[in-house]
Amino acid sequence: TDTIGVQPQDFDTFERLLGHVNEAYSREDLNALRAMATPEMAGYFAEDIAENGRRGLVNRISNVKLLQGDLSEAWREQDADYATVAMRFSRTDVMVERSSGRVVEGNQQGGEAVELWTFRRPHGGVWQLSAIQQA
């Protein structure tokens, strides 16, 4: 259902955020993540990055390409619009040992993922990532 009228430019924004969020996460750029995500989601990213750091690892994500994005639902609450999009995308996603650069987990050949990304914007504002769920 779509009660807010998601437009093609909104889908362009969702695709752009998919790439930019993954790039910023891979660089461990918390400032960029805070600009693109809600405070709660940025907090999850910060916790994840910190845990990887404690393990001596960094998650490197590259070559992100949206293959299909389908609107699951869109709705309006008192102060904001929300849209959940089923995102099917390809990417290379590996865990790298910080000290050596050696790949310890993941597939360097790449693969596909399907996730439900929920975006939020204040009425008339800019979309931010609000939640990610595994499909």
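Reference entry: report on the structure contained in this document. Sequence positions are assigned chain by chain, starting from 1 and proceeding in written order. For a predicted model such as this one, the threshold for reporting local features is a pLDDT of at least 70, and the threshold for listing and counting side-chain atom pairs is 80 or more; totals across whole chains, interfaces and linings nevertheless cover every residue. Think of the side-chain values as coming from all heavy atoms in the structure, minus any hydrogens and water.

### Brief notes about the packing of aromatic side chains
So the rule is basically this: The criterion for an aromatic pair is that two Phe, Tyr or Trp rings (for Trp, the six-membered ring) have centres within 6.5 Å, with stacked assigned to planes under 30 degrees apart, edge-to-face to planes over 60 apart and tilted to the rest. Think of it this way: any DSSP run of H or I at least four residues long counts as a helix, any run of E at least two long counts as a strand, and we number them from the N terminus. The cut-offs for exposure are 20% and 50% of the maximum accessible area for each residue type, with area from a 1.4 Å probe on protein chains only; residues under the lower value are buried, those over the upper are exposed, and the others partly exposed.
Per the counting criterion, the structure on display carries six aromatic pairs. Here Phe14 and Phe119 contribute two aromatic rings whose centre-to-centre distance is 4.3 Å and whose plane-to-plane angle is 15°, an arrangement assigned as stacked. Here Phe14, found in helix α1 (residues 8–27), pairs with Phe119, found in strand β3 (residues 103–122); they are 105 residues apart in sequence, far enough to count as distant. Across the pair, exposure class does not vary: Phe14 and Phe119 are buried alike. Pairing Phe14 with Trp127 gives two aromatic rings, centres 5.1 Å apart and planes at 75°, and the pair type is edge-to-face. Here the residue Phe14 occupies a position in helix α1, and Trp127 occupies one in the loop between β3 and β4 (128–134), the gap between them amounting to 113 residues. Of the two residues, Phe14 and Trp127, neither departs from the other in class, the shared state being buried. Members of the aromatic cluster, connected to one another through ring pairs, are Phe11, Phe14, Trp117, Phe119 and Trp127.

### Focus: the pattern of salt bridges
For clarity, the threshold we go by: For this document, the term salt bridge refers to a Lys or Arg side-chain nitrogen within 4 Å of an Asp or Glu carboxyl oxygen.
Within the structure shown, the criterion is met by 12 salt bridges. The residue Glu51 makes a salt bridge to Arg54 at a minimum N-O spacing of 3.1 Å. One end of the pair, Glu51, and the other, Arg54, are both in helix α3 (residues 39–54), three residues apart, so they sit about a helical turn from each other. Salt-bridge contacts for Arg121 lead to Asp81; the nearest nitrogen and oxygen are separated by 3.1 Å. Here the residue Arg121 occupies a position in strand β3, and Asp81 occupies one in strand β2 (residues 80–97), the gap between them amounting to 40 residues. Judged on exposure class, the residue Arg121 and its partner Asp81 are both buried.

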